[in-house]
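# Remarks on the overall topology
Here are the chains, one letter per residue:
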Amino acid sequence: MSNKLPIHKNQILLYTAWLVSIVATLGSLYFSEIRGFIPCELCWYQRILMYPLVLILGIGTFQSDISVKKFVLPMSLFGGAISFMHYLEQKVPGFAGIKPCVKGVPCSTEYINWLGFITIPFLALTAFTLISILLILMKTKK
């Protein structure tokens, strides 16, 4: 008889969501600390919502506790909404004047523009969306 426990689908989804949050956080730190890009105000809001996910999802992963979903999913959805608004501000001319930045870097600044559409807010939106989808796919016990 094998001592290995079967890996549950929820554990894989939780672990993957945790890995996505780690990559997003490290990417954010790479852009600011290594490349020297100064985060704008909306970038800070996205960071405020992404960075704790590394800790919360990490604890949930190692304790196999899927109840973290109720904390992480709202943060991820809200972070995705901010990322989407930020991306629109960068790419759609009419959105740029909705909330003008009063100090620091304008939120419409594009430090990167890979393939004509991949910007830092797009990367954040991708991460928040992936985390949200992975959490939605998790089955909770009733």
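Definitions and cut-offs
- Residues numbered from 1 in each chain as written.
- Predicted model: local features only at pLDDT ≥ 70, side-chain atom pairs only at ≥ 80, totals over all residues.
- Heavy atoms only, no water.
- Helix = DSSP H or I, 4+ residues; strand = E, 2+ residues; numbered from the N terminus.
- Expected span 1.5 Å × (residues − 1).
- Buried < 20%, exposed > 50% of the residue type's maximum accessible area, 1.4 Å probe, protein only.
- Polar contact = N/O pair within 3.5 Å; in protein donor to acceptor, adjacent residues only side chain to side chain.
- Contact = heavy atoms within 4.5 Å.
- Core = buried A, V, L, I, M, F, W, Y, C linked by side-chain atoms within 4.5 Å.
- Salt bridge = Lys/Arg side-chain N within 4 Å of Asp/Glu carboxyl O.

This part is about helix α4 (residues 120–137). Look at α4: 26 Å from first C-alpha to last across 18 residues, which is about the 26 Å you get at 1.5 Å a residue. When we look at burial in α4, the residues that qualify are Pro121, Ala124, Leu125, Ala127, Phe128, Ile131, Ser132, Leu134 and Leu135.

You can see Ser132 is positioned in helix α4. A polar contact of 2.9 Å, which involves the side chain of Ser132, links it to the backbone oxygen of Phe128. If sequence neighbours within four positions are ignored, Ser132 has contacts with Leu73, Ser76 and Leu77.

Here the focus is the nonpolar core. Core analysis: the biggest nonpolar cluster contains 27 residues, and Leu53, Leu57, Val72, Ile131 and Leu135 have the highest contact counts within it. Among the secondary structure elements, those contributing two or more residues to this core are α1 (9–34), α2 (41–62), α3 (69–91) and α4. Apart from residues no more than four positions distant in its own chain, Ile131 is found in contact with Ala17, Val20, Ser21, Met50, Leu53, Leu57, Val72 and Ser76.

Turning to the pattern of salt bridges, a few remarks are in order. Under the definition given, this model contains one salt bridge. Between Lys91 and Glu110 there is a salt bridge; the shortest N-O distance is 3.2 Å. With Lys91 in helix α3 and Glu110 in the loop between α3 and α4, this residue pair connects regions lying 19 residues apart in the sequence. A relative accessible area of 29% places Glu110 in the partly exposed class.

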